[in-house]
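Here is how the chains run, residue by residue.
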Amino acid sequence: MKIYAPSGVELLRGQAATPIVFVRTILLAYRKYGADPARALEAAQIPASALAAPDSRITAAQMEKISGFAMQELDDEALGWFSRRLPWGSYGMLCRASLGSPTLGIALKRWCRHHRLLTEDLLLDLSSTRAVATVSVTEQRNFGAMREFCLVTILRYLLGYACWLIDSRIPLLEARFPFPAPPHAEAYRFMFSGPLEFGVPKAAVSFDARYLDLPPGRDETALQTMLQRALPLTVLQYRRDRLLVENVRQLLRRAPDSVSTAEHIAARLHLSVRTLHRQLKEEGASLQELKDEIRRDLAAEQLRKTSRPLKQVAAVIGFASEKSFARAFKHWTGLSPQEFRDKSRLL
């Protein structure tokens with residue numbers, strides 16, 4: 001594999017949000033192997049002053065650069081966490097082993113099982129209910145000062161690969177970590193969407209179980225391309241969400257009054273309003289179209305199954321007047337509400 005080499009300008013571009021403590025953990029790997037980290041630090045443009053300041057942050061590109069450089073220089077993709085090296089290419093092999101899976105769920109099961117062939121220092125497990133899927137980590141050894149970086153990165157490896165495999169962002173319902181909230185806990189929001197919990201028994205991420213049923217859309221050629229720059233998947237959030245449209249529909253169906261605005265919906269989905277609108281556009285939808293779709297379906301149900309006056313039906317689905325409801329309903333269906341009700345009773 002070939003590591004992408006960003007220029008000096010690109011390395012420093014963007015928000016510096018990655019805590020310097022992760023870089024210090026990489027330096028522990030150099031110490032473990034008796035190697036000098038000077039070249040890696042120079043390549044990533046990380047000065048000694050940044051290492052000395054406890055609150056320092058670096059950019060995602062700098063983190064990508066020093067991680068990739070260290071993995072190759074030390075020939076250890078685990079960066080010293082485990083009792084044995086994971087030679088360069090180990091995680092690429094793990095990706096390849098699950099590439100032909102028919103669903104994401106099967107791919108993740110294979111990933112967790114095959115990871116044990118690389119090391120038994122920690123075990124990965126995928127469990128799911130009808131609604132929630134959870135990937136958890138069982139620690140089999142004391143990782144010491146490397147523990148936080150190890151657990152964070154292992155979960156980001158798996159989550160990043162899962163997002164890439166189905167070409168979709170996977171919003172998290174929760175991310176949990178078995179240590180107290182660190183001083184740099186605010187940086188976790190860049191790596192893990194959704195609520196965070198610290199001080200629990202096991203590291204884990206949970207997400208909507210429907211993602212497990214999505215089929216992968218990648219092949220060997222796509223994998224080769226991805227492996228040229230696999231590391232950004234561990235530090236950057238995937239943009240597209242293949243279930244976003246359905247998630248918005250569900251929110252509108254469940255509680256149309258409480259999520260009536262883009263601000264409310266975006267907050268429930270842990271997105272900015274701008275990101276919500278952009279991602280819906282990328283999926284060929286808009287929030288107004290989805291609102292109209294839900295109101296149309298609700299109105300049709302009311303007209304078919306109840307004898308409520310049209311004025312009451314209009315109020316139920318959020319219209320201020322019967323006239324505006326009738327105009328919108330005819331635009332949606334080509335029929336007036338009364339014509340639709342009469343026709344439904346004849347069927």
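Please refer to the structure higher up on the page.
Attention here is on the structure that accompanies the text. (Residues numbered from 1 in each chain as written. Predicted model: local features only at pLDDT ≥ 70, side-chain atom pairs only at ≥ 80, totals over all residues. Heavy atoms only, no water.)

## Focus: the pairing of strand S4 (residues 132-139)
Right, on to step 1. Sheet topology note: the strand S3 (residues 122-128)/S4 ladder contains 7 bridges and is antiparallel. By the bridge assignment for S4, aspartate 125 is matched with serine 136.
Right, on to step 2. Of the pairings in the sheet, the one linking S4 to strand S7 (residues 203-208) comprises 6 bridges and is antiparallel in character. In the sheet register, threonine 134 faces S7, and the bridge partner there is serine 206. (Pairing = 2+ DSSP bridges. Helix = DSSP H or I, 4+ residues; strand = E, 2+ residues; numbered from the N terminus.)

## Quick look at the nonpolar core
Right, on to step 1. With 79 residues, the main nonpolar core has Ile46, Trp81, Phe82 and Phe192 as its most contacted residues.
Right, on to step 2. It is helix H8 (residues 147-166) that contributes the most residues to this core, 15 residues altogether.
Right, on to step 3. Formed by 16 residues, the second largest nonpolar core is a distinct cluster that contains Ile265, Ala266, Leu269 and Ala285. (Core = buried A, V, L, I, M, F, W, Y, C linked by side-chain atoms within 4.5 Å. Buried < 20%, exposed > 50% of the residue type's maximum accessible area, 1.4 Å probe, protein only.)

## A few points about the packing of aromatic side chains
Right, on to step 1. Counting across every chain of the model gives 21 aromatic pairs.
Right, on to step 2. A ring pair is formed by phenylalanine 177 and phenylalanine 192, whose centres lie 5.2 Å apart and whose planes are at 65 degrees; its orientation type is edge-to-face. On the criterion of sequence distance, the pair formed by phenylalanine 177 in strand S5 (residues 172-177) and phenylalanine 192 in the loop between S5 and strand S6 (196-198) is long-range, its members being 15 residues apart.
Right, on to step 3. Using a relative accessible area of 0% as the deciding quantity, one classes phenylalanine 177 as buried.
Right, on to step 4. Ring centres of tyrosine 188 and phenylalanine 198 lie 5.3 Å apart, and the angle between their planes is 80 degrees; this geometry places the pair in the edge-to-face category. (Phe/Tyr/Trp six-rings, centres within 6.5 Å; stacked < 30°, edge-to-face > 60°.)

## Focus: the pattern of salt bridges
Right, on to step 1. Evaluation of the coordinates by the stated rule reveals 15 salt bridges.
Right, on to step 2. Residue arginine 57 is joined to glutamate 186 by a salt bridge in which the shortest nitrogen-to-oxygen separation is 2.5 Å. Residue arginine 57 is found in strand S2 (residues 57-59), and its partner glutamate 186 is found in the loop between S5 and S6; the two are separated by 129 residues along the sequence.
Right, on to step 3. Judged by its relative accessible area of 24%, arginine 57 is partly exposed.
Right, on to step 4. In this structure, aspartate 167 and arginine 218 form a salt bridge, with 3.5 Å as the shortest nitrogen-oxygen distance. Within this pair, whereas aspartate 167 is found in the loop between H8 and S5, its partner arginine 218 is found in the loop between S7 and helix H9 (220-228), the two being separated by 51 residues in sequence.
Right, on to step 5. The exposure class of arginine 218 is partly exposed, given its relative accessible area of 23%. (Salt bridge = Lys/Arg side-chain N within 4 Å of Asp/Glu carboxyl O.)

## A short note on unusual backbone geometry
Right, on to step 1. With a phi close to 55 degrees, leucine 79 is a non-glycine residue in the positive phi region.
Right, on to step 2. Looking at the element boundaries, leucine 79 is found in the loop between helix H5 (60-74) and helix H6 (90-98).
Right, on to step 3. Judged by its relative accessible area of 2%, leucine 79 is buried.
Right, on to step 4. One non-glycine residue, aspartate 167, lies in the positive phi region at around 55 degrees.

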